[in-house]
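# Structural description and commentary
As a plain string of letters, each chain reads:
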Amino acid sequence: PFDPFADTGLDDDAAQTDNYIHIRIQQRNGRKTLTTLQGLDEKLDLKKMLKFFKKDFACNGNIVKDEEMGEIIQLQGDKRVDLRDFLVNEGIVKKDFVKVHGF
């Protein structure tokens, strides 16, 4: 018989957090900030996205490779709202799966 309370070894919360895209901000010094974008699908061309971000948001940025998190896009300045709006408007991710962190 099926036991609905048996431990399957799968944690539903852990499975759900992998689907989120995280947009974070870090304070550098003074008024300078750094915005990071992580959790994007590996099928997306991050170089093209970075090129668009740099041109459209008028900022500088780069792609950092992390062992645990994969590839992370870093942008100068506070671009959290711009990034979220771009990802939702282009249909890359639904608004419910974007987590904006900071301040």
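Residues numbered from 1 in each chain as written. Predicted model: local features only at pLDDT ≥ 70, side-chain atom pairs only at ≥ 80, totals over all residues. Heavy atoms only, no water.

## A short note on the pattern of salt bridges
Basically, it comes down to this: Between Lys or Arg on one side and Asp or Glu on the other, a salt bridge is scored when a side-chain nitrogen of the former is within 4 Å of a carboxyl oxygen of the latter. Only protein chains enter the accessibility calculation, which uses a 1.4 Å probe; a residue is then buried when its area is under 20% of its type maximum, exposed when over 50%, and partly exposed in between.
Tallied over the entire structure, the rule returns three salt bridges. Across the pair lysine 65 and glutamate 71 runs a salt bridge, and its minimum N-O distance is 4.0 Å. Among the ionic pairs, aspartate 78 bridges to arginine 80, the shortest N-O distance being 2.9 Å. When its relative accessible area of 40% is taken as the criterion, aspartate 78 is described as partly exposed. The buried category is assigned to arginine 80, whose relative accessible area is 13%.

## Let's talk about the pairing of strand S1 (residues 21–27)
As a reminder of what qualifies: Only when DSSP finds a minimum of two bridges between them are two strands counted as paired. Helix numbering and strand numbering both begin at the N terminus, where a helix is a DSSP run of H or I of at least 4 residues and a strand a DSSP run of E of at least 2.
Across three bridges, S1 lies against strand S5 (residues 98–100) in parallel orientation. The residue bridging histidine 22 from the neighbouring strand is lysine 99, located in S5. Where S1 meets strand S2 (residues 33–38), six bridges bridge the pair, whose relative direction is antiparallel. Across the sheet, residue glutamine 27 finds its bridge partner in S2, namely threonine 33. With antiparallel pairing between neighbouring strands as the criterion, S1 and S2 make up a hairpin whose turn holds five residues, including glycine 30 at a positive phi of roughly 65 degrees.

## Topic: helix H3 (residues 80–89)
So the rule is basically this: The directions considered for the arc are those from the helix axis to the C-beta atoms. Between two residues, a contact is recorded if the distance between any of their heavy atoms is within 4.5 Å.
What H3 keeps buried is the set Arg80, Leu83, Phe86 and Leu87. Burial along H3 is one-sided: seen end-on, the buried residues are contained in an arc of 135 degrees. Each element contacted by the buried residues of H3 is listed here: S1, S2, helix H2 (46–56), strand S4 (70–76) and S5.

## Let's talk about the sheet that holds S2
The strands that make up a sheet pair up through hydrogen bonds in the backbone, lying either parallel or antiparallel. The cut-off we apply is this: Lines fitted to C-alpha atoms define the axes, with helix axes restricted to the stretch in contact, and inter-axis angles between N-to-C directions lie between 0 and 180 degrees.
On the basis of which strands lie adjacent, the open sheet formed by five strands has the order S3-S4-S2-S1-S5 and mixed pairing. Pairing within the sheet leaves two strands with one partner each, and these edge strands are strand S3 (61–66) and S5. Strand-to-strand twist of the sheet, defined as the mean angle between neighbouring strand axes without regard to direction, takes the value 20 degrees. Sheet strands in contact with H2 are S2, S3 and S4, and its direction is about 10 degrees off that of S4. Along the sheet, H3 makes contact with S1, S2, S4 and S5, crossing S1 at roughly 165 degrees.

## Section: the packing of aromatic side chains
In plain terms, the rule: Ring pairs shown here join Phe, Tyr and Trp side chains whose ring centres sit within 6.5 Å, with only the six-membered ring taken for Trp; geometry is labelled stacked below 30 degrees between planes, edge-to-face above 60, and tilted in between. Consider the ring centre and the ring normal. A charge sits over the ring if Lys NZ or Arg CZ is within 6 Å of that centre and within 35 degrees of that normal.
Applying the stated criterion across every chain, the model contains five aromatic pairs. Taken together, the aromatic side chains of Phe52, Phe53, Phe57 and Phe86 make up a single cluster linked through ring pairs. The ring of tyrosine 20 carries the charged tip of lysine 99 above its face, separated from the ring centre by 4.5 Å.

## Digging into the environment of phenylalanine 86
Tracing the backbone through its elements, the reader meets phenylalanine 86 in helix H3. For phenylalanine 86, a relative accessible area of 15% gives the class buried. Taking C-alpha positions, phenylalanine 86 is 9.3 Å from phenylalanine 53, a pair spaced 33 residues apart along the chain. Setting aside chain neighbours within four positions, we find phenylalanine 86 in contact with Met49, Phe52, Phe53 and Ile92.

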